[in-house]
Amino acid sequence: MPNKVNAALRQRGSLTVWVSEEAIAGRKAAPRTTPGGQPNYSDLAITTALMLRALFRLALRQTEGLPASILHLLGVELPVPDYSNIARRARTVTLP
């Protein structure tokens, strides 16, 4: 019985991550229709980074590193917003 309890407690620390095809497709920002530079990352990409930041209480540079690490472990080749993009866009993106 103790082995089952220990295994169950260890399982609580397990982390499973998946990225849907819709999320991968939604990472690219839509073209701007107003004057100015074109955004590289969609609101979805910024929102995801900000949610990870809040969940794990990360600094901005760590917020850049965590999604990059997760995507690398998953073998998904996607660009990750850098910390300055995350900080700048955090002012304008609407969080759920």
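Since we're looking at a predicted model, the values are computed, not measured.

Visitor: How would you sum up the nonpolar core? Please name residues and give values.
Guide: Tyr41, Ala45, Ile46, Ala49, Leu50, Ile86 and Val93 form the largest nonpolar core, which has seven residues in total. Ranked by the residues each element gives to this core, the list is headed by helix 3 (residues 43-56), at four residues.

Visitor: Describe the environment of Leu44, listing the residues and the values that go with them.
Guide: With respect to the element layout, Leu44 can be found in helix 3. By relative accessible area, which is 39% here, Leu44 ends up partly exposed. Each C-alpha atom of the pair Leu44 and Leu74 lies 19 Å from the other, and the pair is 30 residues apart in sequence. Dropping the residues within four chain positions of it, Leu44 is found in contact with Ala23 and Gly26.

Visitor: Outline the packing of helix 3 against helix 4 (residues 60-74), supporting the account with residue identities and numerical values.
Guide: Running from N to C, helix 3 and helix 4 point in directions that differ by 110 degrees, and their axes come no closer than 9 Å. Considered as vectors, helix 3 and helix 4 are oriented roughly perpendicular to each other. For the pair helix 3 and helix 4, the crossing hand works out as right-handed. Between helix 3, through Ala49, Leu52, Arg53 and Phe56, and helix 4, the contact on the second element is made entirely by Leu60, Thr63, Leu66 and Pro67. Here the residues of the contact of helix 3 with helix 4 sort into six nonpolar, one polar and one charged.

Procedures and definitions
Residues numbered from 1 in each chain as written. Predicted model: local features only at pLDDT ≥ 70, side-chain atom pairs only at ≥ 80, totals over all residues. Heavy atoms only, no water. Core = buried A, V, L, I, M, F, W, Y, C linked by side-chain atoms within 4.5 Å. Buried < 20%, exposed > 50% of the residue type's maximum accessible area, 1.4 Å probe, protein only. Helix = DSSP H or I, 4+ residues; strand = E, 2+ residues; numbered from the N terminus. Contact = heavy atoms within 4.5 Å. Axes fitted to C-alpha atoms, helices over the stretch in contact; angles between N-to-C directions. Parallel < 35°, antiparallel > 145°, perpendicular 65-115°, else oblique. Left-handed = near helix turned anticlockwise from the far one by under 90°. Nonpolar A, V, L, I, M, F, W, Y, C, P; charged D, E, K, R; others polar.

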